[in-house]
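Each chain, written out:
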Amino acid sequence: MNKKVYITRRETFAAAHRLFKPELSDEENLKIFGKCSNPNWHGHNYTLEVTVAGETNPETGFVLDIKHLKEIIKEYVISKVDHKNLNIDTDFMKEIIPTSENITTAIWTELADKIPDGKLYSVKLYETENNYFEYKGE
Ligand code: NI
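Residues numbered from 1 in each chain as written. Predicted model: local features only at pLDDT ≥ 70, side-chain atom pairs only at ≥ 80, totals over all residues. Heavy atoms only, no water.

**Re the overall build of the protein chain**
Turning to step 1, where the next piece is worked out: Each helix and strand counted, the protein chain has three helices and five strands in total.
Turning to step 2, where the next piece is worked out: For the protein chain, the N- to C-terminal ordering of α and β elements is β-α-β-α-β-α-β-β.
Turning to step 3, where the next piece is worked out: The principal-axis extents of the C-alpha atoms in the protein chain amount to approximately 60 × 25 × 25 Å.
Turning to step 4, where the next piece is worked out: The buried share of the protein chain, reckoned over its 138 residues, is 38%.
Turning to step 5, where the next piece is worked out: Of the contacts made within the protein chain by residues no fewer than 6 positions apart, 67% connect residues no fewer than 24 positions apart.
Turning to step 6, where the next piece is worked out: Entry remark: accessible area of the protein chain is about 8,500 Å², with carbon and sulfur atoms responsible for 48%.
Turning to step 7, where the next piece is worked out: Of note, the protein chain has its 18 positive side-chain charges centred 3 Å away from the centre of its 23 negative side-chain charges. (Helix = DSSP H or I, 4+ residues; strand = E, 2+ residues; numbered from the N terminus. Buried < 20%, exposed > 50% of the residue type's maximum accessible area, 1.4 Å probe, protein only. Contact = heavy atoms within 4.5 Å. Areas by Shrake-Rupley, 256 points an atom, 1.4 Å probe, with all protein chains shown as cover. Lys, Arg positive; Asp, Glu negative; His and termini not counted. Charge placed at Lys NZ, Arg CZ, Asp CG, Glu CD.)

**Some remarks on the coordination of the nickel ion**
Turning to step 1, where the next piece is worked out: Bound to the nickel ion are the protein donor atoms H17 (NE2), C36 (SG), H42 (NE2) and H44 (NE2), situated 2.0 to 2.1 Å from the metal.
Turning to step 2, where the next piece is worked out: Bound by four donor atoms, the nickel ion shows angles of 93 to 125 degrees at the metal and therefore tetrahedral coordination geometry. (Donors = N, O, S within 2.8 Å, 3.2 Å for Na, K, Ca; no water. Tetrahedral: all angles 85-135°; square planar, octahedral: opposite > 155°, others 65-115°.)

**A word on the environment of I97**
Turning to step 1, where the next piece is worked out: Looking at the element boundaries, I97 is found in the loop between β3 (84–85) and α3 (100–111).
Turning to step 2, where the next piece is worked out: When the C-alpha atoms of I97 and L86 are compared, they prove to be 9.0 Å apart, with eleven residues separating the residues in sequence.
Turning to step 3, where the next piece is worked out: Once residues lying within four places of it in the same chain are set aside, the contact partners of I97 are L19, F20, K21, F33 and N102.

**Thoughts on α3**
Turning to step 1, where the next piece is worked out: End to end, α3 covers 16 Å across twelve residues, agreeing with the expected 16 Å (1.5 Å per residue, within 8%).
Turning to step 2, where the next piece is worked out: Residues of α3 that are buried include every one of S100, I103, T104, A106, I107, W108, E110 and L111, and no others.
Turning to step 3, where the next piece is worked out: Structurally, α3 contributes buried residues whose contacts are with β2 (42–55), α2 (66–81), β4 (119–128) and β5 (131–135). (Expected span 1.5 Å × (residues − 1).)

Spelled out as structure tokens, the structure:
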């Protein structure tokens, strides 16, 4: 039987955001989004874990060269979010409220068709040490 192996690359990035709906007042946004609705932005140190699943190629012993996975994540995600404002700077977050849920699914969409070997299995995003958000493409 072919053995499926799950490989994970962890990256970190720092980004600013504001959770708000423009049609609501600052008070109403504060009620829904709490401190993350601060009108003058704030930042988080995020940790991202990207897992690819596949069978090991007998020629190389790799599912996908993990160095290549690192480069793909850097090019399509980290370069667009690290030290950026997610509401303004990040092309794949335009018009999306940058909650962790929405960042996680947007990163999935960015990466899903960029994985050359194996398949994207999960995207996990930690906004703090105590919370993480995971998407598996369903
Ligand atoms: Ni926040």
